[in-house]
Amino acid sequence: MKIGFIGLGNMGAPMAANLAAAGHDVIGYDTMAKPEGIVMAASPTEAVAGADVVITMLPNGAILRAVALQILPVMEPGTLFLDCSSVEVETARAVAKQAADAGILALDAPVSGGVGGAAGGTLTFMVGASDEAFALAAPLFDIMGQKAVHCGPNGNGQAAKICNNMILGATMIATCEAFALADKLGLERQAMFDVVSTSSGYSWSMNTYCPAPGVGPQSPADNDYKPGFAAELMLKDLRLSQQAAEAADADTPMGRTARDTYAQFVEGEGRAGMDFSAILPWLTQRNRR
Ligand code: NAD
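Cut-offs and rules
- Residues numbered from 1 in each chain as written.
- Predicted model: local features only at pLDDT ≥ 70, side-chain atom pairs only at ≥ 80, totals over all residues.
- Heavy atoms only, no water.
- 1 Å grid on protein atoms, 1.4 Å probe; cavity = no way out; pocket = protein on both sides within 12 Å on 5 of 7 lines; lining within 4 Å.
- Points joined across faces, edges and corners; volume = space filled by probe spheres on them.
- Nonpolar A, V, L, I, M, F, W, Y, C, P; charged D, E, K, R; others polar.
- Near = heavy atom within 4 Å.
- Polar contact = N/O pair within 3.5 Å; in protein donor to acceptor, adjacent residues only side chain to side chain.
- Areas by Shrake-Rupley, 256 points an atom, 1.4 Å probe, with all protein chains shown as cover.
- Sits in = over half its atoms within 2 Å of the grid points.
- Helix = DSSP H or I, 4+ residues; strand = E, 2+ residues; numbered from the N terminus.

## With respect to empty space enclosed by the protein
Thought 1: On inspection of all chains with the given rule, the structure shows 1 cavity of 30 Å³ or more.
Thought 2: Its boundaries defined by the atoms lining it, the largest cavity holds a volume of some 60 Å³.
Thought 3: Lining of the largest cavity is provided by L64, F81, D83, A92, V95, A96, A106, L107, D108 and N154.
Thought 4: In terms of residue class, the lining of the largest cavity is built from 7 nonpolar, 1 polar and 2 charged.

In structure tokens, the structure reads:
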């Protein structure tokens, strides 16, 4: 397939490289990045001209809307517009509507798996799209990822992503505060892990990504809390979840608390660039307030 790929940053560049390595004809466009090994166009319209599929991997919804306005008029009816960025549910639905009006099949397919998953071709895609669009894009998901879940119509991929990450943010904070409390109660971290990881408090945050160094499997905690999944990216996703909750009039008290906690950690404490599990050393330095 001829693929136009817009947004070749930390995630987009390795995803595009995997598509090119699988034999697809990939032409990239980025306002800043110049990744090695990808043929680059001078403009977004040049990148998408004649493409069967256009993939975007952009920082946020405002940029996605601006790029969509530029490229949709140039794309051929019947082609695919596959956005893999993490953006607002309403942005995904608005862009899909614009695409549909032009006869283009849109998919929102945000990912989990991070930069390692993008490089290794092991991402999970959460997809909002028609059955037809999902079937057409499936071979590309197979190259860039190990799993693609069709979550329903346009916007549902973004909905799945922010609901999952709202759970992740809240459980990571809960896991960290339990370790910090255990410290003050004189409970060894290893004993705490041995109990919780096999009891009803277990979770991905505890069992797979334990925030305590030297305990449980290898995780960013064992590497000075270098990401991993940076706290500011978690904050972005928690803000998306709260925007969606406001728009849908859903009560999400834990999600709101998680957003406020990461906002304080990242912006109040200046801890951007640290892994999102670094909430643990932060909490252990604090007293009850
Ligand atoms: P990034 O900032 O590294 O890459 C974004 C790229 O888009 C940059 O190279 C930037 O120059 C380019 N760009 C910005 N405006 C543009 C425009 N108008 N036209 C063309 N290119 C433009 O970000 P990333 O880490 O690759 O993340 C991309 C998306 O994936 C985000 O929505 C993010 O939330 C999501 N995501 C990231 C991760 C992660 O671990 N990094 C994990 C899951 C999801």
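Okay, back to it.
## Quick notes on the site of the ligand
Thought 1: Around the ligand, 24 residues are found, and the nearest of them are N10, M11, D30, L58 and K236.
Thought 2: Here an oxygen atom of the ligand sits 2.9 Å away from a polar atom, N or O, in the main chain of N10.
Thought 3: Within the contact set of the ligand, an oxygen atom lies 2.6 Å away from a side-chain nitrogen or oxygen of D30.
Thought 4: Notes on the ligand: free accessible area 830 Å², of which the protein chains cover 83%.
Thought 5: Among the cavities detected, the one that contains the ligand is the largest pocket.
Thought 6: The set of elements that each furnish at least two residues to the shell around the ligand consists of α3 (61-71), α5 (114-120) and α10 (231-248).
Thought 7: Broken down by class, the residue content of the shell around the ligand amounts to 14 nonpolar, 7 polar and 3 charged.

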